[in-house]
Amino acid sequence: TEWNVSVWGKRRAFTEHVEKLAELVSEKTGGEFTMNVSYGGLSKNRENLDGISIGAFEMAQFCAGYHPDKNRVVTVLELPFLGVSNLEEEVAVSRAVYAHPAATEEMAQWNAKLLMTSPMPQYNIVGTGEPRDTLEKMQGMRVRATGGLGAAFEAAGAVPTSVTATEAYQAMESGVVDTVAFAQHAHLSFGTINQADWWTANLNPGTVNCPVVVNIDAYESLSDAEREALDSSIPEALDHYLANYGELLKKWDSVLEEKGVQKVEIDQSVIDEFRAKAADPAREAWIADMEAQGIPGQELYDLVIKTLADTRGS
Amino acid sequence: MAGSAAVLEDSSILSRLDRALVPLERFFALVSGLAVFSLMFLAAYSVTGRKFFNTPLSGYVDYIEAAMPLIAFMGVSYVQRAGGHIRMDIVISALKGRAMWLFELISVLFILVLIIALIWGSWAHFDRSFDMSKPLWSRDSSIDIGLPIWPSKLLIPVAFSVLALRLVLQAWGYARALVLNLENPVAVPLILTVAEQARLEAEQLEGAD
Amino acid sequence: MDEITIGLWVSGFMLAMVVLGMRVAFAAAMAGLLGLIWLRWNGFDYAPDRLWKSIEISVKIAGQVPHSKVSSQALSLIPTFILIGYLAYYAKLTSALFEAAKRWIAWVPGGLAVSTVFATAGFAAVSGASVATAAVFARIAIPEMLKIGYNKQFAAGVVAAGGTLASLIPPSAILVIYAIIVEQDVGKLLLAGFIPGAFSAVIYALLIIGIAVVFKNVGPPVSGFTWRERFESLPPALPIVAVVVIIIFFVYNPFGDAWGTPTEGGAVGAFIVFLMALYRGMRMAQLKEALIETAKLTVMIFTIIWGVLIYVRFLGFADLPGAFSDWITSLETSPMLILVCILLAYAVLGMFMDAIGMLLLTLPVVYPAVMALNGGETVTAAESTFGMSGTMCAIWFGILVVKMAEFCLITPPIGLNCFVVAGVRDDLTVQDVFKGVTPFFIADGLTIAALVAFPGIVLWLPSLAG
Ligand code: NA
Ligand code: NA
C-alpha cells in the first residue's frame, strides 16, 4: 500500500511526527506500506480536509483555526488560557477530545479519522519596537493570531489580522501586523524571529490545534498487519516529536540572544487582567454557540479541564 | 497569439441565441470590473484607517479573498465569445474551409467536456462548504472574521454554466459551418491575422481617446 | 507504469495540444485532469470497476483548483495593475510624459528616440503590460519623430522595444505571476525589477546615441527649450512619480517601516491615477469601458492561471518537478552553462508563445531545477553554486526569465509588440518594424549578459529590504 500525505511549508519540528510515522510504518511492514509526504504539492493547507473527504490523499495535517466552521468540535482546544503548560499535557487533552464521540462524528462527515495531534507549545508573540507588556499598549495592536487566540487578543483591544503562516514574515516586515503569535518552531522556520525586537516569555495565551487525520476508507482497507503497524507507531511518532521539540526549546534562549531579541516577562497582574478579559467571556460565548448548534460544548470543555487535572495528578 | 476577434450576426435562430446570451455575459464582465474597482477603494480605506487612525479594517484579507473569484471568473464566457482566450494559432490559421471548421469544432467540444467536468468538480467543492443545518449555512469559513466561503465557491459553477451554454452555441456554429461549408459563419469568433487583430486593438484605443 | 512516465506523456500531450491551437488554459486544464485520472487508475491497476471512481476523485480534485488558487490576496495585484494602466491612459499621462522627456533630453544625438525610450520607461511605472505601452506610444512618439526626418523603420523599432520595459519596471503583471508560481515574496521581486528595467532603458538610450553619432541621417537632436518650458512640462507627469513612490514605499521604506503590502500599494496607486483621470475629464462611459477592458484582460490571465494550476496539481501527484531537478543536478555540465541553455530555450520558445503562457507552463518544472542547481531553496550564499542565497536566486532567475519573455515580444515571427506598432501605423508594415527593431536585439543581448554576469544589478535593491 502506498499513501500520499499532504502537509505544507517545509520539513520542520511541526511535521516530524508525520515523517517518523512514515519511517516506522515502512520499517514494520518491510516496505509493504509506504507514505509519500508532500509539502504543499497536493493541496492548499486550508483545503486538506476537503482532499481527505474526496479521497485525493490518504493522510493530512490541518489546523482547526484555519476554518473553524469545518471543525467546530476541536476548536475547544484553541480556547484562550486553557492552562495547558507543556507538550505532554497538550497531547493528553487532544487525545481525550479526539476520542469524544462529537469529534469523531464531525470528522466522519469529512470521511476523516483523527489520528494524533501535532502538539504545540503556547503561542507567544514577537513584535517590533516597544514591548507590548500592558493591556493599554495592546490597544490597536495588529496581531497575527488565528482562531480562539485571535479572539482573545481582540477582547484585549488588539486587532487580529490573520495571514497564513507562510505570509507572516512579509506581513510583519511591511507593517501589516506589528506582532505575530506563533509557537517557537514557527518563529524560527517562518523567519518572524529575525524581524523581532522582543518575545513574550510568559504570556501563554493559548495555542492552535493541528490534527493529523486519515481517510476512513483508506484506513479500513489496510490489511490487518498494516493497520497494526500504523496504530502501534503513533505513540512512538509522538515521542519522537516531543523529544525533537524539547531539543528546539532548549536552544531557544540562545537563539533569542543571538538575534538580539529581548525576552519580556509580563507582570502576573497584567496576565490576570488579560485572562479575565479574554478567557472567561470567550469560553462562555463558545459554549453557548456550540450548545445552540447541538454540540456538547460544556461537556467538551469539562473534559479538557478534567483531563488536565488527571494528567497532573498522575 | 489570438486576442479578440469578430463575431458575425444574421437573423438565424443560432445568431439570435448568440446575441441573447451577450447581455448576460457583458453584465457578468462588468461585475468583474466593478469588483476590481471596489478592491481599489477597499485598499485605500484599509490603509487610511491603519496609517492615520490606527483602526485597521478587520478582515481585509478575508474580503479580498472573497472578491477574487468574482473578478477572475465572471467574465470567462464573455472572453470565450470573442475568442479572447490565448492560444497559438500558427497551425490553425494555415487551415482553410472545412478542415478549419472541423478543427474548431473538435476544440470547442473538448473544452465543453472539460467545463462540464469542472462544473461537477467545483459544485462538489461548493457543496462541501455548504450545510443548510448550520448557522449561515456554513461548513467552511475564512480565517480572520469567519466569513462563510460558500457564496464565493458557488460563483465558479455558475460562471462555468454560462460558459457551457456559450460553448454549446459555438459548437453548433462550427458544426453548421462544417456541414454547409460556409465561408463566414455566424456566432463564432473568426480568426484574424495577427496584423488585423493588432489594428483592431489600436482602433479601440483610438476610439477611446 | 511509473508516475514519472505518466507525467512525461501527459506533458507531451499538453504541449501537442497547445501547438495545435487549443486555448492554452483549457489545454493545460484538460491535460491535468486526464493526467490525474490516469495516475489514479494506474494506482488501481486499471481495474475496470475502479475507472469511474478514478474519474470522480480526479474531477473533484481538479474542481477545487479554480476557487482555491484564485482566492489569494497576492493575485489581487494583477487586476489592480491592469486597471492602473487603463486609468493612466485616461489621465493623459502618456502625452505628458513624452512632452517632458522631449523638453529635457531631446538635445542629445538621436534625441527624440532617446526621449521616447525614457518616456516609455516612465509610463512603465504605471502600466503593467508591455503591449499596451507599445500601442500608446506608437501613436504619440512616431509622428513626432517622422516630422523631423527620422528613419521610419527605426522610429517604429524604438517604440516596439521601449514598450517591453513595462513588464520589468513595476507594476508588472508578469512579475506577480512569477512570484505566485514560485511562491516568493512579490514585494521583493517588484523591487528587483526597477534597476534592471532602468538599466535596460539606459542601454537602449546608449545604443540609440551610438547609432545617431555613426549614421548622421538617423535623427537630429532637438534643442532650444528654455528652462521655464522644461519645468512647466513636469507637473502634468507628476502622478507617475506619486505612483512610483507609493509602490516603493509600500514594499520597502528606506526611512523606516514600510507602509503596507504591495497589494495595498498597487490599489492606492490605482486610486491616485483614478482621481487624476477624473480631474482630466474621464467620464462614466469611459470608466465603464476601462472596467470592461480590465475585466477582459484579467479573466484571460486568470483562466490561464487556474488552467495551468490544474496541470500543476497533477504534476504534484506525479512528482515530475522533483524528478526533473534530480536529473538536472545529476548532469556533469557546468551549472552556469545549464542556466544559459535554459535562457536560450526560453528565447526559442518565446518566439512562438505568449509570455504569460510560456512562464506558467514551464516554471513549475524549470524553477525547482534552477533552485536545485544553486543548492536548494534554503542554501546560503557561501555554499551556493551561483554565489547567492536561495531567496536571492529565485529573484535573480525571475528577473532573467521576465527579461527573456520581454525580449520575445520583439523577435520574429510573432513579436507581438511589432505587430501592435505596425497595426497602429498605416504607413508601416510588420517587416518594417522588425527591421527597425533589430539593433535592439543587441541591446537586449547585452542587458541579459550583464544581468547574468553581475547579479548585483538585480539583487542590490531587494537585499536592502532584508
Ligand atoms: Na510596469
Ligand atoms: Na516573439
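You'll find the structure just up there.
Because the structure is predicted, anything quoted here is derived from the model rather than measured.

Peer 1: I'd love a proper account of the pattern of salt bridges, names of residues and values included.
Peer 2: Applying the stated criterion across every chain, the model contains 32 salt bridges over all chains. For Arg81 of chain B, the salt bridge identified is with Glu9 of chain B, shortest N-O distance 3.8 Å. Within this pair, whereas Arg81 of chain B is found in helix H3 (residues 76-81), its partner Glu9 of chain B is found in the loop between strand E1 (6-7) and helix H1 (13-53), the two being separated by 72 residues in sequence. Relative accessible area serves as the criterion here: at 48%, Glu9 of chain B is assigned to the partly exposed category. We note a salt bridge from Lys102 of chain C to Glu144 of chain C, for which the minimum N-O separation is 3.0 Å. Placement of Lys102 of chain C in helix H5 (residues 93-105) and of Glu144 of chain C in helix H7 (residues 130-147) is noted, with a sequence separation of 42 residues between them. One salt-bridge network, held together by shared partners, links Asp50 and Lys70 of chain A together with Arg128, Asp140 and Lys153 of chain B.

Peer 1: Go over the environment of Tyr219 of chain A, please, and point to the residues and values.
Peer 2: All names here are of chain A. Within the secondary structure layout, Tyr219 lies in helix H9 (residues 216-220). The buried category is assigned to Tyr219, whose relative accessible area is 11%. In sequence terms Tyr219 and Trp198 are 21 residues apart; their C-alpha atoms lie 45 Å from each other. Apart from the residues within four sequence positions on either side, Tyr219 is in contact with Trp3, Lys113, Val214, Arg227, Leu230 and Asp231. At a separation of 2.8 Å, a polar atom in the side chain of Tyr219 contacts the side chain of Asp231.

Peer 1: Before we move on, could you go through the packing of helix H10 (residues 186-214) of chain C against helix H18 (residues 390-407) of chain C and cite the residues and values that matter?
Peer 2: Residue and element names in this part refer to chain C. As a packed pair, H10 and H18 sit with axes 10 Å apart at the nearest point and diverge in direction by 45 degrees. With respect to each other, H10 and H18 are oriented oblique. Taken as a pair, H10 and H18 cross one another with a handedness that is right-handed. Residue-level contacts link Lys188, Leu189, Ala192, Gly193, Pro196, Ser200 and Tyr204 of H10 to Ile395, Ile399 and Lys403 of H18. By residue class, the composition of the contact of H10 with H18 is 6 nonpolar, 2 polar and 2 charged.

Peer 1: Talk me through helix H5 (residues 147-155) of chain A; I want residue IDs and the actual numbers.
Peer 2: Residue and element names in this part refer to chain A. Of all the residues in H5, the buried ones are Gly148, Leu149, Gly150, Ala152 and Phe153. Tucked inside the fold, the buried residues of H5 contact strand E5 (124-127), strand E6 (142-144), strand E7 (159-160), strand E8 (179-182) and helix H11 (268-292). Immediately downstream of H5, the backbone of Gly157 shows phi near 105 degrees, a positive value.

Peer 1: Tell me about the environment of Gly376 of chain C, and please be specific about residues and values.
Peer 2: Within the secondary structure layout, Gly376 of chain C lies in the loop between helix H17 (355-374) and H18. If we skip the residues at most four places from it in the chain, Gly376 of chain C touches Met371 and Gly390 of chain C.

Peer 1: If you had to explain the sheet that holds strand E9 (residues 198-200) of chain A to someone new, which residues and values would you point to?
Peer 2: Residue and element names in this part refer to chain A. Pairing is mixed across the open sheet formed by 6 strands, whose spatial order is E7-E6-E8-E5-E9-E11. The sheet is open, and its two edges are formed by E7 and strand E11 (262-264), each paired on a single side. One ladder, built from 2 bridges, connects E5 with E9; its direction is antiparallel. Bridge assignment links Val126 to a residue of E9, and that residue is Trp199.

Peer 1: Help me get a handle on the interface of chain A and chain B, residues and values and all.
Peer 2: Listed per partner, the contact involves 26 residues of chain A and 16 residues of chain B. When chain A packs against chain B, the two sides together hide about 2,000 Å² of surface, and 46% of this comes from carbon and sulfur. Joining chain A to chain B, the criterion identifies 3 salt bridges. At the junction of chain A with chain B, the criterion picks out 7 residue pairs in polar contact (both at pLDDT 80 or more).

Peer 1: Account for empty space enclosed by the protein, naming residues and giving values.
Peer 2: Residues and elements named next belong to chain A. For the coordinates displayed, the defined rule picks out 5 cavities of 30 Å³ or more. Of the voids in this model, the largest cavity is the one considered here, and its volume is about 130 Å³. Along the walls of the largest cavity sit 16 residues, with Cys63, Tyr66, Met120, Tyr123 and Ala165 positioned nearest its centre. For the lining of the largest cavity, the per-class residue count stands at 11 nonpolar, 3 polar and 2 charged.

Peer 1: Describe the interface of chain C and chain B, listing the residues and the values that go with them.
Peer 2: Each partner contributes to the interface: chain C provides 77 residues, whereas chain B provides 74 residues. Roughly 6,800 Å² of surface becomes buried between chain C and chain B when both sides are summed, with 76% attributable to carbon and sulfur atoms. Ranking the residues of chain C by area buried against chain B places Arg23, Phe26 and His67 of chain C at the top, with a combined share of 12%. For the pair chain C and chain B, the interface holds 0 salt bridges. Along the contact surface separating chain C from chain B lie 4 residue pairs in polar contact (both at pLDDT 80 or more). If you tally residues by element for the side of chain C that touches chain B, the top one is helix H14 (residues 284-318) of chain C, at 18 residues.

Peer 1: Run through the side chain of Asn209 of chain A, naming residues and quoting values.
Peer 2: All names here are of chain A. Note on placement: Asn209 falls in the loop between E9 and strand E10 (211-215). A polar contact is formed between the side chain of Asn209 and the side chain of Tyr98, at a distance of 2.6 Å. For Asn209, the contacting residues outside a window of four places in its chain are Phe62, Cys63, Ala64, Leu77, Glu78, Glu90, Ser94, Tyr98 and Thr117.

Peer 1: Describe the state of the cysteines, naming the residues involved and giving the relevant values.
Peer 2: All names here are of chain A. Throughout the structure, instances matching the rule amount to 1 disulfide over all chains. One disulfide in the model links Cys63 with Cys210; its S-S distance is 2.1 Å. One disulfide, between Cys63 and Cys210, carries an S-S torsion of 95 degrees and so falls in the right-handed class. Of the two residues, Cys63 sits in the loop between strand E3 (59-61) and helix H3 (87-99) while Cys210 sits in the loop between E9 and E10, which places them 147 residues apart along the sequence.

Peer 1: Got a sec to walk through unusual backbone geometry? Specific residues and values, please.
Peer 2: What you tend to see is this: most non-glycine residues have negative phi, and most peptide bonds are trans. Residues and elements named next belong to chain C. Of note, the bond from Pro170 into Pro171 is cis; its omega dihedral lies within 30 degrees of zero at -5 degrees. Inspection of the secondary structure puts Pro171 in the loop between helix H8 (152-163) and helix H9 (173-182). The phi dihedral of Tyr46 is positive, around 60 degrees, even though this residue is not glycine. Among the structural elements, Tyr46 can be located in the loop between helix H2 (24-43) and helix H3 (51-70).

Peer 1: Explain the sheet that holds strand E4 (residues 112-117) of chain A to me, using residue names and the numbers behind them.
Peer 2: All names here are of chain A. Strand order in the open sheet formed by 5 strands is E2-E1-E3-E10-E4, and the pairing between neighbours is mixed. This sheet does not close on itself; its edge strands, each paired only once, are strand E2 (34-39) and E4. In this sheet, neighbouring strand axes are inclined to one another by 25 degrees on average, regardless of whether the strands run parallel or antiparallel. Note that strand E1 (residues 2-7) and E3 share 2 bridges and pair parallel. Bridge pairing in E3 links Val5 to Met59. The strands touched by H3 are E4 and E10; relative to E4, the strand with the most contacts, the crossing angle is about 165 degrees. Of the strands in this sheet, E1, E2, E3 and E4 touch helix H10 (residues 224-259), which is tilted by about 35 degrees from E4.

Peer 1: Explain helix H6 (residues 111-124) of chain C residue by residue, including any values.
Peer 2: An ideal rise of 1.5 Å per residue puts 20 Å on 14 residues; H6 of chain C measures up with 20 Å between its terminal C-alpha atoms. The element H6 of chain C is largely enclosed, with a buried count of 13 among its 14 residues.

Peer 1: Can you break down the packing of aromatic side chains residue by residue, with the values?
Peer 2: Inspection of the entire model under this criterion finds 39 aromatic pairs over all chains. With a centroid separation of 6.2 Å and 35 degrees between ring planes, the pair formed by Phe73 of chain B and Trp306 of chain C is classed as tilted. Remark: Trp306 of chain C occurs in helix H14 and Phe73 of chain B occurs in helix H2 (residues 60-73); the pair is interchain, linking two chains. Across the pair, Trp306 of chain C and Phe73 of chain B agree in class, each one buried.

Peer 1: So what's going on with the pairing of E5 of chain A? Which residues, and what values?
Peer 2: All names here are of chain A. Where burial is concerned, the two faces of E5 agree: the one with Asn124 and Val126 and the one with Ile125 and Gly127 are both buried. As defined by bridge partners, E5 adjoins E8 across 4 bridges and the pair is classed as antiparallel. Residue pairing for E8: Val126 is matched across the bridge by Val180.

Peer 1: Please set out the nonpolar core residue by residue, giving values where relevant.
Peer 2: If you look at the biggest cluster of nonpolar residues, it comprises 258 residues, and the most contacted ones within it are Ile115 and Phe160 of chain B together with Ile78, Tyr346, Phe397 and Val421 of chain C. Sorting elements by how many residues they give to this core places H14 of chain C first, with 18 residues. Two domains each provide a minimum of three residues to this core, namely domain 1 (1-71) and domain 2 (74-296) of chain C. Excluding residues within four positions of it along the chain, Ile115 of chain B makes contact with Phe160, Leu163, Ala164 and Leu167 of chain B together with Phe26 of chain C. Counting 80 residues, the second-largest nonpolar core is a separate cluster that includes Trp8, Leu115, Val143 and Val264 of chain A.

Calculation criteria
- Residues numbered from 1 in each chain as written.
- Chains lettered and ligands numbered in written order.
- Predicted model: local features only at pLDDT ≥ 70, side-chain atom pairs only at ≥ 80, totals over all residues.
- Heavy atoms only, no water.
- Salt bridge = Lys/Arg side-chain N within 4 Å of Asp/Glu carboxyl O.
- Helix = DSSP H or I, 4+ residues; strand = E, 2+ residues; numbered from the N terminus.
- Buried < 20%, exposed > 50% of the residue type's maximum accessible area, 1.4 Å probe, protein only.
- Contact = heavy atoms within 4.5 Å.
- Polar contact = N/O pair within 3.5 Å; in protein donor to acceptor, adjacent residues only side chain to side chain.
- Axes fitted to C-alpha atoms, helices over the stretch in contact; angles between N-to-C directions.
- Parallel < 35°, antiparallel > 145°, perpendicular 65-115°, else oblique.
- Left-handed = near helix turned anticlockwise from the far one by under 90°.
- Nonpolar A, V, L, I, M, F, W, Y, C, P; charged D, E, K, R; others polar.
- Pairing = 2+ DSSP bridges.
- Buried area = accessible area lost by both parts, 1.4 Å probe.
- 1 Å grid on protein atoms, 1.4 Å probe; cavity = no way out; pocket = protein on both sides within 12 Å on 5 of 7 lines; lining within 4 Å.
- Points joined across faces, edges and corners; volume = space filled by probe spheres on them.
- Disulfide = S-S within 2.5 Å.
- Expected span 1.5 Å × (residues − 1).
- Phe/Tyr/Trp six-rings, centres within 6.5 Å; stacked < 30°, edge-to-face > 60°.
- Core = buried A, V, L, I, M, F, W, Y, C linked by side-chain atoms within 4.5 Å.
- Domains from an automatic or database assignment.

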